[in-house]
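Next come the chains, spelled out residue by residue.
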Amino acid sequence: MEEKLSTVAKSFTPSPIQELSHLAQRCSAINLAEGFPDFPAPAHIKTAAVSAINSDFNQYRHVQGLCDHLALMAKKMHGLDVNPLTDIAICCGQTEAFAAAVFAIIDRGDEVVLFDPSYETYEGCITMAGGIPVFVALDPPHWTLDPNKLLQSVTGRTKAIVLNSPQNPTGKVFSNDELETIAGVCRTWNCLAITDEVYEHITFENEKHISLASFSGMQERTIITSSLSKTFSVTGWRVGWAIAPALIASAIRNIHVKITDSAPAPFQEAALTALRSPPEYFESLRRDYESKRDYIVKLLAGIGFKIEFKPQGSIFLFAEIPESCLLSDVEYVKELIKQAGVVAVPGRGFFHTNLTMKKISQEDFSYQERYIRFAFCKSDTTLAAAAQKLGELSEATGCLKLHPSDT
Amino acid sequence: MQVQCTWTFPQMRFRHSTSTFLSLSKHLSESFSVRIGSGRGRSCGYPSFVPTMSTVSTEKDTVSTPSESIQKTPQPLQDVAELGVSLVLLLLPSRESSMGNRVAKRLEKFKTTIFTQMSNLAIKHGAINLGQGFPNFDGPEFVKEAAIQAINDGKNQYARGYGVPELNNAIAERFKKDTGLSVDPEKEITVTSGCTEAIAATILGLINPGDEVILFAPFYDSYEATLSMAGANVKCVTLRPPDFAVPINELKSAISKNTRAVLINTPHNPTGKMFTREELNVIASLCIENDVLVFTDEVYDKLAFEMDHISMASLPGMFERTVTMNSLGKTFSLTGWKIGWAIAPPHLTWGVRQAHAFLTFATSTPMQWATSVALRAPDSYYEELKRDYMTKKAILVEGLEAVGFKVFPSSGTYFVVVDHTPFGLENDIAFCEYLIEEVGVVAIPTSVFYLNPEDGKNLVRFTFCKDEETLKAAVKRMKEKLMRK
C-alpha cells in the first residue's frame, strides 16, 4: 500500500526531533519550545466568542465586518488602500491563508525564494503545490540579508519570494534597507511576494513592523498573510487572512473555499471584537513580550549563552550554544531536557541545505547545528521556573554544566 | 511548574536523518542544475491566458453576503521603469507584466459563479432560500455549552495537529457503534477543518498528478476542484433519475488497473440517494480486483431515512483501502464550526496527515472539545434528529408534488432533486431564476454538480434543512405563484 501514497507525501518523513518531544513529555519538562502561550487569552475576546456561540453565529459564514476592519488596519499601519469587498480572504489561520496563496499562484516548476533559517511549513506547502523552494541564507550572527545572495538565487523561474517578518525562529525584523532590496528584486524580476506577518504586533524597542506591501510597486504584487493567533493568544481558534490584489485574492478565496470552505464562524465574530481592541491592548502586548524577552535573554546569558542577536520581534529567541560547549543542538536540547527539565527546539530544522551555495561560496555552514530556539510566550511563572531549573545546573563560572549522558 | 508537553507542530518535524537529507538534497540539486544553466535572458514560457476569475461563493454563502462582482478583468501592472531598470527589463525573461497570468493554471477548473448569482438574486427579491445547504436553526445547547466551557477553561491554543485526543477517542467510539469497526484513534483518525478539508487533505496526500480518479455525477462541487488541484485525471460515472442507481456496466468499464481511487458520497448530495449494499459490494469487488482506493464522504450518515447507512470501510477487504470522512456540521446543525475527520488505516492516514499539516496544521481547539461531547450524545438525540428532518421532508415533498414537480425519491441527506420541466423553462438555471424572481423561492440548479452541465439541466435541488415555518411559507408561495404551464 506504500505505493498508494502520493510522491509528495512520501518525501515527508517524521523526524527524530519527535523523539525529543516524547522525551520531553516523559520528563514533564518546562516547555520553552512551543510557539504558543501558556497564559490565558484576553477575556474580552473569549467573551465575544461565547456571545457569538450563544447568538447562533454557528453556520457557514463570511463576516464582511472583519474584512472592513482589516482594510482599516492596513491603511492605518501601512498606508495601504485595500478594498474590503475584493482584496481579502478570511481563512482557517495564517497556515491556510498561506497554503491557499501558494496554491493560487504556484504552478509546477515555479521557484519560490525563501530566507534561511525559516519556519518549516512554507517549504512543505510549496512542494505540495509542485513548486521548488530556493533558500537564501541570512548571515549570522545578526541574520542580515546579503543582497548578492538574494540576486544569485533569483532566476527566470522565480515566481515568488516568501518573507516572514518579524521572523520565526530568529526574531529578526527585516530593516527598511533589506525590505527595499527585496522589493527591488520583486519589481525588477516581476515576482510576487507572499508575506507572513503573524508577529506584526510583537516588536520591541523602537522597531516598527513595516509591511513589504507598503513599498513602491509592491502592493500590486504582494499577498499579505496574518492571523489572530499570536496577537491575541488564541492559536487554537484558526482565524487568519490573506490580503492581495483583487484578482489574486479572488483566486485565494476560490482555493480556500475548496480546502475548508469557511473559518470557524463564532471566532470570526470574536475576531471583530479582537481587532477593535484599543491601542492600549497592543501596547501592553508589546510591553509584556518585551519584558519576557529581556527576562529570557538575561536568564540565558546567566548560563553561558552569548546572545549576539536580541530578538527585535516575535516570540522567539534564537541563541547560539556557548562556544565552550561542544554539543550539537540536538544533543544540547536532549541534555537540557534530561538534566534541567527544560525543553527548547534544536535549530537545525529551520535551516535548509543549499548545496549550490555551498559549492560556490565555500562558506562554512556548521553554524546550522549550533542554534537553539527558545519561545518566551510563557507566563512569568513558567519563565521563572525555567530560570530556577537552569540556575541549579550552573557552575560557579555561571555556565550551564551539561555532561553528555550515556543514553 | 510543569507544563504538559504537546509538541505538535510541523516546525518540530525536521528532516534530520541523513537519508532524507540526501533525497531532499537531490531534489534541490536537480532544480539547481537547471538554474545554473539558465540565467537572465532565458525566456520562460508563461501561458498568456487570462483567467476570468470571479469572486466565488458556493452554496455555503449566507444570504447576507454582499454582492460580489462576477467577472474581473486583470489590471496590468504599472511598471514605472527608470532607464536603468528598463534596460535590465530588456534582458529579462519575456513575461507579461499583467497580473492575469500570475494565477496558477490549476484554477482554470474553478468555475462556480452560479451560487453568487443565485444569492444576489435571492437578496434582491427577498426570496425564501431553500438553496443553501445549511440550517436556519441552530445546534443543540449541550454542544454549544461545551464549546463555551472549553473557551472559558482556556482551551484556546493549538491542538495536536491530528486532533485533540478526547475527540479522536470519541470519533473512534462513534465509528465502532456505527460500523462495528475498531480503529486506533491515534493512528487511524485525523481531525480536519470540516469534511471539506478532509477531502482536500485526502486527495492532496494520496493522489499524484495524472492519477485517475472516478467520481459519481452529480457531485459536491469541491471534489472536482480539489482533484484538479492535485492534477488528477477525473473520470465520471453519471447517476441518472429516477432512482440514481449506480450503472454497473458503465462502472465496470470505467474502473481498471489504472484507476487510483473512487470517490463515493453516501448519503448523496444533491440527489439524496443512498448507496445500497449491492452497489457497494460491486464497487468493492472492482476495487479489490484492481487495487483501487476508496474515499467516502459520509457527512449525512445520520440523516438516513429510507434505509440504513452503510460504510464502505465495513465491507470485507475494504478497510485497508478506504478513507472514511465525516463531520460535525450536518448532524449537529453547526456547519460553521468546521470540525471534520478522516478515518483510514495507518499508511493512508499518514498521507492525509502530511497534507493536512500544510493546509491548516491544526483544527479549532474549543470546537474539538465540544465535538467530543456531541459525539457522545445519547441515541435519543439521533432519533429526534431523524424525526424532525422527516417531518420537514414531508412538508417539502408533499408541497413540491402538489405544485407539479416530479419529485425523485430521496433516501437520505436534507436534499431532494426534482424535475422542473413541467413548468416549461428551458433549463435548470432559467428555472431557478424564474423561481426567485416570480415566485420568491430559491433552489439550486444541479447542472453545476455535473462534469457535463447538460446532464443536469432538467433537475433542481431543494433543501429542507429549514424550520417548518420557512418550509411552509415556501410551499405556499410556490402553490400560489408557480403555475403549471
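Here, residues in each chain are numbered from 1, in the same order as that chain's written sequence. Written order determines the labels here, with chains lettered from A and ligands numbered from 1. Totals for whole chains, interfaces and linings use all residues, but because this is a predicted model, local features are given only for residues with pLDDT of at least 70 and pairs of side-chain atoms are given and counted only at 80 or more. Hydrogen atoms and water are omitted, and side-chain values are computed over all heavy atoms in the structure.

Colleague: So what exactly am I meant to see when it comes to the packing of aromatic side chains here?
Modeller: For any pair of aromatic rings, geometry is given as the distance between the ring centres together with the angle between the planes. Two aromatic rings, drawn from Phe, Tyr or Trp (for Trp, its six-membered ring), form a pair once their centres lie within 6.5 Å of each other, and the interplanar angle then sorts them: stacked below 30 degrees, edge-to-face above 60, tilted otherwise. Per the counting criterion, the structure on display carries 44 aromatic pairs over all chains. Ring centres 5.6 Å apart and planes at 75° place the aromatic pair Tyr60 of chain A and Phe134 of chain B in the edge-to-face group. Pair noted here: Tyr60 of chain A is in the loop between α3 (43–54) and α4 (64–78) and Phe134 of chain B is in the loop between β1 (128–129) and α4 (141–152), and the two residues belong to different chains. On the basis of relative accessibility, which here comes to 6%, the residue Phe134 of chain B falls in the buried class. Ring geometry for Phe232 of chain A versus Tyr281 of chain A: centroids 5.2 Å apart, planes at 10°, classification stacked. Placement of the pair is Phe232 of chain A in the loop between β7 (222–227) and β8 (240–243) and Tyr281 of chain A in helix α11 (residues 279–301), with a sequence separation of 49 residues. The same class applies to Phe232 of chain A and to Tyr281 of chain A, which are both buried. The way it works is that DSSP assigns letters per residue, a run of H or I at least four long becomes a helix, a run of E at least two long becomes a strand, and they are numbered from the N terminus. The classification of residues rests on relative accessible area computed with a 1.4 Å probe and restricted to protein chains. Under 20% of the type maximum is buried, over 50% is exposed, and intermediate values are partly exposed.

Colleague: Help me out: how do you make sense of the domain arrangement of chain B in this one?
Modeller: Where interface size is quoted, it is often the accessible area lost as the parts come together. Residue and element names in this part refer to chain B. On domain assignment, one finds that chain B holds domain 1 (106–137 + 380–481) and domain 2 (141–376). An automatic or database domain assignment is the source of the domain bounds shown. Relative placement of domain 1 and domain 2: their C-alpha centres are 25 Å apart. The contact criterion used is simple: two residues touch if any of their non-hydrogen atoms lie within 4.5 Å. On the side of domain 2, 40 residues touch domain 1, which itself brings 35 residues to the contact. By definition, a salt bridge exists where a carboxyl oxygen of Asp or Glu is found within 4 Å of a side-chain nitrogen of Lys or Arg. Connecting domain 1 to domain 2 are two salt bridges. Here Glu306 and Lys393 are joined by a salt bridge, their closest N and O atoms 3.6 Å apart. Identification of polar contacts relies on pairs of N or O atoms within 3.5 Å, with a donor-acceptor requirement for protein atoms, meaning one able to donate a hydrogen and the other able to accept it, and with residues adjacent in sequence counted only if both atoms are side-chain atoms. The interface formed by domain 1 and domain 2 contains nine residue pairs in polar contact (both at pLDDT 80 or more). The leading source of residues in the side of domain 1 that touches domain 2 is helix α12 (residues 379–403), at seven residues. Looking at the side of domain 1 that touches domain 2, its residues break down into 21 nonpolar, seven polar and seven charged. Each residue gets one label: Ala, Val, Leu, Ile, Met, Phe, Trp, Tyr, Cys and Pro are nonpolar, Asp, Glu, Lys and Arg are charged, and the others, such as Gly, are polar.

Colleague: In this structure, what is going on with the pattern of salt bridges? I would like to understand it.
Modeller: Side chains that differ in sign of charge can pair as their charged atoms come close. Going through the model one piece at a time under the given rule, you end up with 32 salt bridges over all chains. For the salt bridge of Glu173 of chain B with Arg376 of chain B, the shortest nitrogen-to-oxygen distance reads 2.9 Å. With Glu173 of chain B in helix α5 (residues 165–179) and Arg376 of chain B in the loop between α11 (365–374) and α12, the pair connects residues that are 203 residues apart, well separated along the chain. In this structure, a network of salt bridges that share partners links the residues Asp56 of chain A together with Asp138, Glu141 and Lys144 of chain B.

Colleague: How should the domain arrangement of chain A be read in this particular structure?
Modeller: All names here are of chain A. Examined at the domain level, chain A breaks down into domain 1 (2–40 + 280–392) and domain 2 (59–277). Put simply, the middle of domain 1 and the middle of domain 2, counted by C-alpha atoms, are 23 Å apart. Reported buried area values correspond to the accessible surface (1.4 Å probe) lost by two parts on association, with both partners' losses combined. Between domain 1 and domain 2, a total of about 3600 Å² is buried, with carbon and sulfur atoms accounting for 60% of that surface. Residues Arg293 and Glu205 are paired through a salt bridge, measuring 2.6 Å at the closest nitrogen-oxygen approach. For the pair domain 1 and domain 2, the number of links is 17 residue pairs in polar contact (both at pLDDT 80 or more). Among the secondary structure elements, those contributing two or more residues to the side of domain 1 that touches domain 2 are α11, β9 (316–320) and β12 (371–375). Element by element, the count of residues in the side of domain 1 that touches domain 2 is highest for α11, at seven residues. In terms of residue class, the side of domain 1 that touches domain 2 is built from 22 nonpolar, eight polar and seven charged.

Colleague: Would you mind going over the UniProt feature "domain: Aminotransferase class I/classII large" (unreviewed entry) in chain A with me for this structure?
Modeller: The positions that UniProt labels "domain: Aminotransferase class I/classII large" (unreviewed entry) are, in the present scheme, residues 30–351 of chain A. Measuring from the first to the last C-alpha atom of residues 30–351 of chain A gives 25 Å, for a span that is 40% helix and 15% strand. UniProt positions are given in the numbering used here, feature names are shortened, and annotations may be inferred rather than shown by experiment.

Colleague: What am I meant to see in the UniProt feature "domain: Aminotransferase class I/classII large" (unreviewed entry) in chain B here?
Modeller: The positions that UniProt labels "domain: Aminotransferase class I/classII large" (unreviewed entry) are, in the present scheme, residues 128–477 of chain B. Annotated as 40% helix and 16% strand, the span residues 128–477 of chain B places its first and last C-alpha atoms 9 Å apart.

Colleague: What is the right way to look at the sheet that holds β12 of chain A in this model?
Modeller: One key point about sheets: their strands pair by backbone hydrogen bonds, in either a parallel or an antiparallel sense. All names here are of chain A. By the convention used here, strands pair only if DSSP detects at least 2 bridges between them. Read from one edge of the open sheet, three strands run β9-β12-β11, paired in antiparallel fashion. Either end of the sheet is taken by a strand with one partner, and the two such strands are β9 and β11 (345–346). Direction of pairing for β9 relative to β12: antiparallel, over a ladder of five bridges. The residue bridging Ala319 from the neighbouring strand is Ile372, located in β12. The axes are straight lines fitted to the C-alpha atoms, using for helices just the contacting stretch, and the angles between their N-to-C directions are given from 0 to 180°. Lying on the sheet, α11 is in contact with β9 and β12; it crosses β9 at an angle near 20°. Strands β11 and β12 of the sheet are contacted by helix α12 (residues 329–340), whose axis makes an angle of about 45° with β12.

Colleague: Which parts of the structure should I look at to understand the pairing of strand β7 (residues 322–327) of chain B?
Modeller: Look at any regular strand and the pattern is simple: side chains alternate between the two faces of the sheet. All names here are of chain B. In terms of burial, β7 is a largely internal element, six of the six residues being buried. Going residue by residue along β7, you find Thr322, Thr324 and Asn326 tucked away on one face and Val323, Met325 and Ser327 tucked away on the opposite face as well. Sheet topology note: the strand β6 (residues 293–297)/β7 ladder contains four bridges and is parallel. Among the inter-strand pairings, Val294 is bridged to a residue of β7, identified as Thr322.

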